[in-house]
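A look at the structure
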Amino acid sequence: MVDLLLGLQWGDEGKGKIVDVLTKDYDIIARFQGGPNAGHTLEFDGIKHVLHTIPSGIFHKNAMNVVGNGVVIDPVIFKKELDNLEQFQIDFVAKLLISRKAHLILPTHRLLDAASETAKGKAKIGSTLKGIGPTYMDKTGRNGMRVGDLEFTDWKEKYRALADKHEAMIAYYDVDIQYNLDELEAEFFEGVETLKKLTFIDSEQYIFDAMAAGKKILAEGAQGSLLDIDFGTYPFVTSSNTTAAGACTGLGVAPGKIGSVLGIFKAYTTRVGSGPFPTELFDDAGATMGRVGNEFGATTGRPRRCGWLDLVALKYAVQINGVTELMMMKADVLSGFDTIKVCTAYHYKGEQITHLPYNIEAEYVTPVYTELKGWKEDLTKLSKAEELPAALNAYIAYLEKELNVPIKIVSVGPDRLQTILR
Ligand code: IMP
């Protein structure tokens, strides 16, 4: 069976930390979608690490790590990631396996991302500009380059043909994008040489064999359900299926082989980049969440927008993914609020609704809130469920009742140790 770990909001829920906490129970950690737009932060032994493409099991002695076919890989960023981990003396050749079917992000994909965003002006998506959209466009357009191509001698010709086409497309956008392609290519070819030293596999076969051998596999999602290309707040989304079904196509796992679906959400909501966000706060409460929660993008450093928990959107994510267990992150950030608000319905086109409508832009949707009592206690030193303040327990019980799924973990700080099991 393959268990899934998914973000249920707009990303940055804390998946990296939880995978790291859970890895000891799994033999294999696999990424199935997204690319270096993700930034999975792990903190232990007083050190903070941010991973972009490499699965979060890399720090555990016994876990194998698979980058699945649904992922897009930028060899330049990948090399940097490996270089940053040099001090840990990890045997990457043995522990990190790359799907031959994963697509490659070319330097010109990044340039196309920038050109497309610039051309959009005010309507820009707020992309991380890592070339994600253009790479998935080439994948579905059947023009892309895959990791497996690097094992054939004609890969540089394929590269050239695609990069030339991209240059013509960049010119079409007619925007002022400055670049030195020779420099970018030198960096890319260097990254490719590093990538080629790693182990390329037919990852779907690897996963079939591992399942047959009774291995425990955890598929680690990136981004969040509301950034899903189909079910997210389109067009302000990423270019892959971040929801449960994405793990089936991004790894080659049959739906019947999915076991537990672990859904992660923050005790409040954040969003980085553009797009609708009904519970967004523009007041002191939002600023406090941002400050206490250190809400800055792990990949881009951009400040994250903050707001109260949106239960309408969270319910939708629980349903789309078939979540079986919930994990509430950053509960400690809400300490000190007199009241905690939860959005339980929307005013939409003159009606009160409790499902997610087609368009949740502010001009159509106004959140309807339920208020709960806040708590003052500092949670960051707590380690047992019995120590949680009564008002937080009431908040948890309320959410469990509304979502009809148990909350099994409450996280009270970034460190591995600040994790309370219920
Ligand atoms: P892209 O995937 O880089 O094109 O970005 C598309 C949208 O998804 C933008 O709003 C990004 O801010 C957002 N996004 C992409 N990756 C992440 C992530 O890992 N966390 C949060 N937001 C993300």
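Summarised in this report is the structure supplied together with it. Residue positions are counted from 1 within each chain, in the order its sequence is given. Where totals are concerned, whole chains, interfaces and linings use all residues; where local detail is concerned, this predicted model gives features only for residues with pLDDT of at least 70, and gives and counts side-chain atom pairs only at 80 or more. Calculation of side-chain values draws on the structure's entire complement of heavy atoms; hydrogens and water are dropped beforehand.

In this section: helix α11 (residues 311–321). Buried, partly exposed and exposed residues are distinguished by accessible area as a fraction of the type maximum, computed with a 1.4 Å probe on protein chains only: under 20%, between the cut-offs, and over 50%, respectively. In this description a helix means any DSSP run of H or I spanning at least four residues, a strand means any run of E spanning at least two, and both kinds are numbered starting from the N terminus. Within α11 the residues assigned to the buried category are Leu311, Val312, Ala313, Leu314, Ala317, Val318 and Asn321. Polar contacts, as counted here, are pairs of nitrogen or oxygen atoms within 3.5 Å of one another; within protein the pair requires one atom able to donate a hydrogen and one able to accept it, and residues that are adjacent in sequence qualify only if both atoms are side-chain atoms. Looking at where α11 begins, the residue whose side-chain oxygen comes 3.1 Å from the main-chain nitrogen of Val312 is Asp310. Within two residues after α11, Gly322 carries a phi angle of roughly 60°, on the positive side.

On to the packing of α11 against helix α12 (residues 390–403), then. In contact at an axis separation of 10 Å, α11 and α12 are set at 55° when each is read in the N-to-C sense. Looking at the two axes, α11 sits oblique to α12. For the pair α11 and α12, the sense of crossing is right-handed. Residue-level contacts link Leu311, Leu314, Lys315 and Val318 of α11 to Tyr398, Leu399, Glu402 and Leu403 of α12. Nonpolar residues are Ala, Val, Leu, Ile, Met, Phe, Trp, Tyr, Cys and Pro. Charged residues are Asp, Glu, Lys and Arg, and all others, Gly as well, are polar. Split into classes, the residues belonging to the contact of α11 with α12 amount to 6 nonpolar, no polar and 2 charged. Only the stretch in contact is used when fitting a helix axis, every axis being a line fitted to C-alpha atoms; angles between N-to-C directions are given from 0 to 180 degrees. Throughout, the term roughly parallel applies to angles under 35 degrees, roughly antiparallel to angles over 145, roughly perpendicular to angles from 65 to 115, and oblique to all others. Crossing chirality is assigned from the near helix's rotation relative to the far helix, an anticlockwise turn below a right angle marking it left-handed and a clockwise turn marking it right-handed. Residues count as neighbours in contact if any of their non-hydrogen atoms are within 4.5 Å of one another.

With that settled, consider the environment of Asp138. Position of Asp138 relative to the elements: it lies in helix α5 (residues 132–140). Looking at Asp138, the relative accessible area reads 7%, which means it is buried. Between the alpha carbons of Asp138 and Asp164 there is a distance of 14 Å; along the sequence they are 26 residues apart. Separated by 2.7 Å, the side chains of Asp138 and His166 make a polar contact.

We now examine the site of the ligand. Surveying the vicinity of the ligand reveals 15 residues, the closest of which are Asp12, Asn37, Thr128, Thr238 and Val272. Within the side chain of Asn37, a nitrogen or oxygen atom sits 2.9 Å from an oxygen atom of the ligand. One of the side-chain nitrogen or oxygen atoms of Thr238 is found 2.6 Å away from an oxygen atom of the ligand. Out of a free accessible area of 470 Å², the ligand has 96% covered by protein chains. Being near a molecule or strand, for a residue, comes down to having at least one heavy atom within 4 Å of it. For the area figures, the Shrake-Rupley method with a 1.4 Å probe applies, and any residue is considered shielded solely by the protein chains shown.

Moving on: the packing of aromatic side chains. Each Phe, Tyr or Trp ring, with Trp reduced to its six-membered ring, pairs with another whose centre is within 6.5 Å; inter-plane angles below 30 degrees give stacked pairs, above 60 give edge-to-face pairs, and intermediate values give tilted ones. The full count for this structure, using the stated rule, is 10 aromatic pairs. Ring geometry for Phe44 versus Phe59: centroids 5.3 Å apart, planes at 70°, classification edge-to-face. Of the two residues, Phe44 is situated in strand β3 (residues 40–44) and Phe59 in the loop between β4 (47–51) and β5 (64–67); the sequence distance between them amounts to 15 residues. Of the two residues, Phe44 and Phe59, neither departs from the other in class, the shared state being buried. Seen in terms of ring centroids, Trp375 and Tyr395 are 6.2 Å apart; in terms of plane orientation they differ by 40°. Their pairing is tilted. One end of the pair, Trp375, is in the loop between β18 (365–373) and α12; the other, Tyr395, is in helix α12, with 20 residues separating them in the sequence. Here the two residues Trp375 and Tyr395 agree in accessibility, since each one is buried. Taken together, the aromatic side chains of Trp155, Tyr159, Phe188 and Phe189 make up a single cluster linked through ring pairs. Sitting over the face of the ring of Tyr369, Lys341 holds its NZ or CZ atom 5.3 Å from the ring centroid. Whether a charge sits over a ring comes down to the Lys NZ or Arg CZ being within 6 Å of the ring centre and within 35 degrees of the ring normal.

The next subject is α5. Looking only at α5, the buried set comprises Ile132, Gly133, Pro134, Thr135, Tyr136 and Asp138. Tucked inside the fold, the buried residues of α5 contact β6 (72–73), β8 (103–104), α4 (107–120) and α6 (155–173). Arg142 sits one or two residues past α5 and shows a positive phi near 65°.

As a further point, take unusual backbone geometry. The linkage connecting Tyr234 with the following residue, Pro235, adopts the cis geometry, with an omega of 5°. Position of Pro235 among the secondary structure elements: in the loop between β10 (217–220) and α9 (244–251). If you check the backbone angles, Asp174 has positive phi at about 55° while not being a glycine. Within the element layout of this structure, Asp174 appears in the loop between α6 and α7 (181–196). The phi dihedral of Gln223 falls on the positive side, at around 55°, and the residue is not glycine. With respect to the element layout, Gln223 can be found in the loop between β10 and α9.

On to the pattern of salt bridges, then. The working definition used for a salt bridge is a side-chain nitrogen of Lys or Arg within 4 Å of a carboxyl oxygen of Asp or Glu. Scanning the model with the defined rule gives 19 salt bridges in all. A salt bridge links Arg110 to Asp74; the nearest nitrogen and oxygen atoms lie 3.0 Å apart. Of the two residues, Arg110 sits in helix α4 while Asp74 sits in the loop between β6 and α2 (75–84), which places them 36 residues apart along the sequence. Side by side, Arg110 and Asp74 carry an identical accessibility label, which is buried. Note that Asp164 and Arg160 form a salt bridge whose closest N and O atoms lie 3.3 Å from each other. Linking Asp164 with Arg160, this pair stays in helix α6, spanning 4 residues, or about one helical turn. On the accessibility criterion, Arg160 (32% relative accessible area) is partly exposed.

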